[in-house]
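Single-letter residue listing:
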Amino acid sequence: MGGVEAIEDLEDSVQQVLHALIPADRYADRLVAAFFFSSDITAEARPIAIDGSRHLIERGDRREAVCWITATFARCRTVLAADAPDQHLARLPAFQEAVADLGVTSTGDLLHRAEEVTGFLPRLRQTAGEDLAAHADIIG
């Protein structure tokens, strides 16, 4: 199972979401490498990246929380790979478990999801264009 079905299954289990959040929480305060997303995982960004995910869970928006938790977790993993490869490898099972909950257990699964996202882009562009046209007064 993968994609939307996996996220919907996670909606039924706040505990799984919280379990995924805890490792990301542990990484976010330790990272120093410079990447385009580095500012997203600093102590200053914690209210958004970590605490914001907790807030989403508390108000019942678990699907949205899973998105941000996974993004934060992946970013932390990328920085750990550069800053502390030994820690990156030691903590790999927690990340693998988190993405397995989303139905990604292999490179093939990841490539399939990438194809699904790429295939969705034309619909997203169309919808965004329709929304912008319908609200031309709010865009300058």
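Residues numbered from 1 in each chain as written. Predicted model: local features only at pLDDT ≥ 70, side-chain atom pairs only at ≥ 80, totals over all residues. Heavy atoms only, no water.

Caption draft 1: How the structure looks around the pattern of salt bridges. The final tally for this structure, using the stated rule, is three salt bridges. Close ionic contact of Asp-51 with Arg-54 constitutes a salt bridge, the shortest N to O distance being 3.5 Å. Linking Asp-51 with Arg-54, this pair stays in helix 4 (residues 51-58), spanning three residues, or about one helical turn. According to the relative accessible area criterion, Arg-54 is partly exposed, its value standing at 28%. A salt bridge links Arg-113 to Glu-116; the shortest N-O distance between them is 2.1 Å. Within this pair, Arg-113 and its partner Glu-116 are both found in helix 8 (residues 107-134), separated by three residues, close to a single helical turn. Owing to a relative accessible area of 26%, Arg-113 belongs among the partly exposed residues under this scheme. (Salt bridge = Lys/Arg side-chain N within 4 Å of Asp/Glu carboxyl O. Helix = DSSP H or I, 4+ residues; strand = E, 2+ residues; numbered from the N terminus. Buried < 20%, exposed > 50% of the residue type's maximum accessible area, 1.4 Å probe, protein only.)

Caption draft 2: Quick look at the packing of aromatic side chains. Per the counting criterion, the structure on display carries three aromatic pairs. The structure contains a cluster of three or more aromatic residues connected by ring pairs, namely Phe-35, Phe-36 and Phe-37. (Phe/Tyr/Trp six-rings, centres within 6.5 Å; stacked < 30°, edge-to-face > 60°.)

Caption draft 3: Main features of helix 7 (residues 92-100). Turning to helix 7, its buried residues number three or more, namely Phe-95, Ala-98 and Val-99. The arc that holds every buried residue of helix 7, seen down its axis, measures 90°, which confines them to one face. (Arc of directions from axis to C-beta.)

Caption draft 4: Up close: the layout of surface pockets. For the second largest pocket, the calculated volume is near 170 Å³. For the second largest pocket, the full set of lining residues is Ser-39, Asp-40, Ile-41, Ala-45, Ile-48, Ala-49, Gly-52, Ser-53, Leu-56, Trp-68, Thr-72 and Arg-75. Of the residues that constitute the lining of the second largest pocket, the class distribution is six nonpolar, four polar and two charged. (1 Å grid on protein atoms, 1.4 Å probe; cavity = no way out; pocket = protein on both sides within 12 Å on 5 of 7 lines; lining within 4 Å. Points joined across faces, edges and corners; volume = space filled by probe spheres on them. Nonpolar A, V, L, I, M, F, W, Y, C, P; charged D, E, K, R; others polar.)

Caption draft 5: Region of interest: the confidence of the model for the chain. Confidence in the prediction of the chain, expressed as mean pLDDT, is 79, and 76% of residues score 70 or more. Within the model, pLDDT remains below 50 along residues 1-14, and this stretch shows 25 contacts once partners closer than five positions in the same chain are excluded. (pLDDT = per-residue confidence, 0-100. Contact = heavy atoms within 4.5 Å.)

Caption draft 6: Focus on the nonpolar core. Phe-73, Phe-95, Ala-98, Val-99 and Val-104 together form the largest nonpolar core, which totals five residues. The element contributing the most residues to this core is helix 7, with three residues. (Core = buried A, V, L, I, M, F, W, Y, C linked by side-chain atoms within 4.5 Å.)

Caption draft 7: Spatial organisation of the packing of helix 5 (residues 62-83) against helix 7. It is at 11 Å that the axes of helix 5 and helix 7 come closest, and there the two elements cross at 150°. Judged on the interaxial angle alone, helix 7 and helix 5 are roughly antiparallel. Where helix 5 crosses over helix 7, the two elements pack in a sense that is left-handed. In this structure, helix 5 uses Thr-70, Phe-73, Ala-74 and Arg-77 to contact helix 7, whose residues at the interface are Leu-92, Ala-94, Phe-95, Ala-98 and Val-99. Its residues placed into classes, the contact of helix 5 with helix 7 shows seven nonpolar, one polar and one charged. (Axes fitted to C-alpha atoms, helices over the stretch in contact; angles between N-to-C directions. Parallel < 35°, antiparallel > 145°, perpendicular 65-115°, else oblique. Left-handed = near helix turned anticlockwise from the far one by under 90°.)

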